[in-house]
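Secondary and tertiary structure notes
Given next are the chains, with one letter for each unit.
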Amino acid sequence: MRMVFIGPPGAGKGTQAERLIEKYKLAHLSTGDMLRAARDAKTEVGKKADEYMSSGQLVPDEIIVAIIAERLAQPDCEGGYLLDGFPRTIAQAEALDQMLAEKKTPLDVVLELQVPEDELFTRLAGRGRADDTPEVIRQRLVAYREQTRPLLEYYGKKGLLKSIDGLGTIEEIFERTVIVLDEVAS
Ligand code: AMP
């Protein structure tokens, strides 16, 4: 299964992604994790990305698309993958479509984890990560609203979008997701 996981920061995507990759034996492709690793390793890409990440802005599309192209070419992706945090802009989605069309491996499903914005702010503020100051949180939510949310319509039109209610316990949300994915896979 080739899947994209979309949701605002704080929706619980990472937690659900961990469980989904285990159940469906997928490679986990998190651009946030890749960028944090590059930043910690102090590579050129990592240093450049940090300028954007530290203020809650999106890293430029060219950087992200290059990272994903390289990652998708690795053999573990052949058995299916979950894209977590990518694409986040229409330009990234179009670049992904083009890459997958060339490989003749289209997406099977795009999952959206839905959580209301006031709930997100509370969750993110409570998480207390160093990059989660109120101003940065606000900027990340704005980036989601303005740059990523248009993807819902983009994938909706392609008939790929499935939305999941992201309120409830981790277990409840996981079960809702499994019902949807089992339908897609059948
Ligand atoms: P995440 O852990 O997915 O919330 O990502 C952390 C930060 O990495 C984001 O706030 C962005 O600055 C950057 N980032 C991750 N994925 C992308 C992407 N697909 N496009 C642009 N920036 C990204």
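Up top is the structure these notes are about.
Now for a quick tour of the structure. Since the structure is predicted, the reported quantities are computational estimates derived from the model, not experimental observations.

**Quick look at the sheet that holds strand β5 (residues 161-165)**
Across the sheet, which stays open at both edges, the 5 strands sit in the order β2-β3-β1-β4-β5 with parallel pairing between neighbours. Only two strands of the sheet have a single neighbouring strand rather than two, namely β2 (27-30) and β5. If you compare each strand with its neighbour and ignore which way they point, the axes differ by 20 degrees on average. The sheet contact formed by strand β4 (residues 109-114) and β5 spans 5 bridges and is parallel. Bridge pairing in β5 links L113 to I164.

**Digging into the site of the ligand**
Close contacts around the ligand come from 14 residues, with T31, Q57, G85, Q92 and R140 the closest. Here an oxygen atom of the ligand sits 2.9 Å away from a polar atom, N or O, in the side chain of R36. Here the ligand, which alone exposes 470 Å², has 92% of that area covered by the protein. Per-element tally for the shell around the ligand: the top contributor is helix α2 (residues 31-40), with 4 residues. Per-class residue counts for the shell around the ligand are 6 nonpolar, 5 polar and 3 charged.

**So, helix α5 (residues 90-103)**
Here α5 spans 20 Å end to end across 14 residues, near enough to the 20 Å set by a 1.5 Å rise per residue. Those residues of α5 lying buried are Q92, A93, A95, L96, M99 and L100. Buried residues in α5, looked at end-on, bunch into an arc of 160 degrees, giving them a common side. Opposite the buried face of α5, by more than 90 degrees, sit the exposed residues Q98, A101 and E102. Buried residues belonging to α5 abut β1 (2-6), α4 (61-72), β3 (81-84) and α8 (150-157). Two residues or fewer after α5 comes K104, characterised by a positive phi angle close to 55 degrees.

**Structural notes on the pattern of salt bridges**
Under the criterion given, the structure shown has 14 salt bridges. Between R39 and D40 there is a salt bridge, with its nearest N and O atoms 3.9 Å apart. With a relative accessible area of 25%, R39 lands in the partly exposed category. Note that D165 and R176 form a salt bridge whose closest N and O atoms lie 3.9 Å from each other. Taken together, the residues span a long stretch of sequence, with D165 in strand β5 and R176 in helix α9 (residues 170-185) at a distance of 11 residues. Judged by relative accessible area, R176 falls into the partly exposed class, the value being 28%. Within this structure, R39, D40 and D50 form a network of salt bridges that share partners.

**Quick notes on the environment of K48**
Mapped onto the elements, K48 comes out in helix α3 (residues 44-53). Distance in space between the C-alpha atoms of K48 and D33 is 15 Å, their sequence separation being 15 residues.

**Structural notes on the packing of α2 against α4**
Two numbers describe how α2 lies on α4: the axes approach to 11 Å, and their chain directions differ by 105 degrees. When the axes of α2 and α4 are compared, the pair comes out roughly perpendicular. Taking contact as the criterion, the partners of T31, M34 and L35 in α2 are, on α4, I64, I67, I68 and R71. In terms of residue class, the contact of α2 with α4 is built from 5 nonpolar, 1 polar and 1 charged.

**Focus on the side chain of T148**
Relative to the helices and strands, T148 is located in helix α7 (residues 134-148). When neighbours within four sequence positions are excluded, T148 is seen to be in contact with I6, P87, R88 and A143.

Cut-offs used in this document
Residues numbered from 1 in each chain as written. Predicted model: local features only at pLDDT ≥ 70, side-chain atom pairs only at ≥ 80, totals over all residues. Heavy atoms only, no water. Pairing = 2+ DSSP bridges. Helix = DSSP H or I, 4+ residues; strand = E, 2+ residues; numbered from the N terminus. Axes fitted to C-alpha atoms, helices over the stretch in contact; angles between N-to-C directions. Near = heavy atom within 4 Å. Polar contact = N/O pair within 3.5 Å; in protein donor to acceptor, adjacent residues only side chain to side chain. Areas by Shrake-Rupley, 256 points an atom, 1.4 Å probe, with all protein chains shown as cover. Nonpolar A, V, L, I, M, F, W, Y, C, P; charged D, E, K, R; others polar. Expected span 1.5 Å × (residues − 1). Buried < 20%, exposed > 50% of the residue type's maximum accessible area, 1.4 Å probe, protein only. Arc of directions from axis to C-beta. Contact = heavy atoms within 4.5 Å. Salt bridge = Lys/Arg side-chain N within 4 Å of Asp/Glu carboxyl O. Parallel < 35°, antiparallel > 145°, perpendicular 65-115°, else oblique.

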